[in-house]
Each structure stands twice: as structure tokens, then as C-alpha cells.
Amino acid sequence: MNAPLKLELGRRYRFSASHRLHTAHLTEEENYRVFGKCNNPYGHGHNYVVEVSVSGKVDPATGMIANLADLDAFVQHHVLEDFDHKSLNEDVPAFRDKVPTTENVCIEIFQRLKKFPLATLERVRVEETGKNSFEYAGENPEGNRP
Ligand code: NI
């Protein structure tokens, strides 16, 4: 009998949030020089797009890697509820002392989603604007296996 085929599933989510790029490690002038208008004191918003890729074996009974409803519920509970319509700096504890650049947002989302129990998280891609996107696949891909 053939082994079940391994496939990758991609799903796209959206959230809106504000952030301010600022670090206590730099002076006010240095912050402004490094981050420019993204350092404006009261922050600014983005409509983020998150692409989540998971892989797994196709269940011969259901024909699916994982039920999309299960993935959606996990992303909703572990990411969107905490990030959507929030201030990343103020509302997400991870960004109290880490600059909420999209690089760091991408890593934080990956860390949260790698606990998804029903498939293997392959990568997370975050679009901040139509021009910028960041992708993270973990430091040790074998380590993502549930
Ligand atoms: Ni920004």
C-alpha cells in the first residue's frame, strides 16, 4: 500500500493594527534617524496580511491535511484575537521591549502557530504593505514537527 501523500496547505488571514517603531536602546534623535516617520510618537496603522503554510499527510478518509475550520479557529484564538485592532506596542506583551517591526511580528506569529497540533507549520509570511513582506520558517525546520 502506498504511503499517504504529503502536501502543503496555505491560508490567508488579515488583521489591522497600529505600531510605533521605537527602541529604548537608542536616543530620541537616533530613533528618528533609524525609523523615520514610523517613529512618530502616536503610531500609525497597517492592514496586515498573514499567509500561513502547514504541511501534513492527506488523511485518506477525509482527503484533507487538516480541517480549515480547525486551522482558522487556532489562528483566530492565538493570533487574530490578540492582534486585530490593537496597538502592537501596548497590547501584545512580546512587543513591550521588542520593536514591532514586521520581521518581529512574523517571528511572533510563527512562535504562536507552531503549536498547532493537527499539521506541521512550514512558514509564516506577513505583508505589511503591498511593497513589504517578510517570511519566517523557524530556525530548525525539523523542530517544527508536532
Ligand atoms: Ni509601520
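Scroll up for the structure.
Only a predicted model underlies this, so the values are computations on that prediction, with no experimental measurement involved. (Residues numbered from 1 in each chain as written. Predicted model: local features only at pLDDT ≥ 70, side-chain atom pairs only at ≥ 80, totals over all residues. Heavy atoms only, no water.)

Chemist: Explain the environment of Asp 59 to me, and be specific about the residues and the numbers.
Modeler: Here Asp 59 is to be found in the loop between strand S2 (44-57) and helix H2 (68-83). Considering only alpha carbons, one finds Asp 59 and Pro 4, 55 residues apart in sequence, at a separation of 7.3 Å. (Helix = DSSP H or I, 4+ residues; strand = E, 2+ residues; numbered from the N terminus.)

Chemist: Describe the packing of aromatic side chains, with residues and values.
Modeler: In total, this model carries 4 aromatic pairs according to the counting rule given. Plain terms: the ring middles of Phe 15 and Phe 83 are 5.5 Å apart, the flat faces sit at 90 degrees to each other, and that makes the pair edge-to-face. Note that Phe 15 is positioned in strand S1 (residues 6-19) and Phe 83 in helix H2, a separation of 68 residues in sequence. Each of the two residues, Phe 15 as well as Phe 83, counts as buried. Note on Phe 74 and Phe 116: the rings are 5.3 Å apart at their centroids and 70 degrees apart in plane angle, and the pair reads as edge-to-face. Residue Phe 74 is located in helix H2, and its partner Phe 116 is located in the loop between helix H4 (102-113) and strand S4 (120-127); the two are separated by 42 residues in the primary sequence. Across this residue pair, the class does not change: Phe 74 and Phe 116 are buried. (Phe/Tyr/Trp six-rings, centres within 6.5 Å; stacked < 30°, edge-to-face > 60°. Buried < 20%, exposed > 50% of the residue type's maximum accessible area, 1.4 Å probe, protein only.)

Chemist: I'd like to hear about the state of the cysteines, residue by residue, with values.
Modeler: One pass over the structure, following the stated rule, counts 0 disulfides. In this model Cys 38 remains outside any disulfide bridge; the closest cysteine sulfur is found in Cys 106, 17 Å from its own. Relative accessible area serves as the criterion here: at 1%, Cys 106 is assigned to the buried category. (Disulfide = S-S within 2.5 Å.)

Chemist: Residues and numbers for the nonpolar core, please.
Modeler: Counting 30 residues, the largest nonpolar core has Phe 15, Val 50, Phe 83, Leu 88, Ile 109, Leu 113 and Val 124 as the members making the most contacts within it. Those elements that place two or more of their residues in this core are S1, S2, H2, H4 and S4. Top contributing element to this core by residue count: H2, with 6 residues. Residues contacting Val 124, with those up to four places away along its chain left out, are Val 50, Glu 51, Cys 106, Ile 109, Phe 110, Leu 113, Phe 134, Glu 135 and Tyr 136. (Core = buried A, V, L, I, M, F, W, Y, C linked by side-chain atoms within 4.5 Å. Contact = heavy atoms within 4.5 Å.)

Chemist: Which residues make up the coordination of the nickel ion, and what values go with them?
Modeler: Surrounding the nickel ion are the protein donor atoms His 19 (NE2), His 44 (NE2) and His 46 (NE2), which sit 2.0 to 2.1 Å from the metal. Within one chain, the residues serving as donors to the nickel ion are arranged as H-x24-H-x1-H. When its relative accessible area of 21% is taken as the criterion, His 44 is described as partly exposed. (Donors = N, O, S within 2.8 Å, 3.2 Å for Na, K, Ca; no water.)

Chemist: Account for the sheet that holds strand S5 (residues 133-136), with residues named and values stated.
Modeler: Hydrogen bonds between backbone atoms are what pair the strands of a sheet, whose relative direction is either parallel or antiparallel. Spatially, 5 strands are ordered S3-S1-S2-S4-S5 in an open sheet, and the strand pairing comes out mixed. Single-partner strands in this sheet number two, and they are strand S3 (86-87) and S5. Where S1 lies against S2, 14 bridges are found, and the strand directions are antiparallel. Bridge pairing links Phe 15 to Tyr 48 in S2. Relative to the sheet, H2 contacts S1, S2 and S3, its axis offset from that of S1 by approximately 25 degrees. (Pairing = 2+ DSSP bridges. Axes fitted to C-alpha atoms, helices over the stretch in contact; angles between N-to-C directions.)

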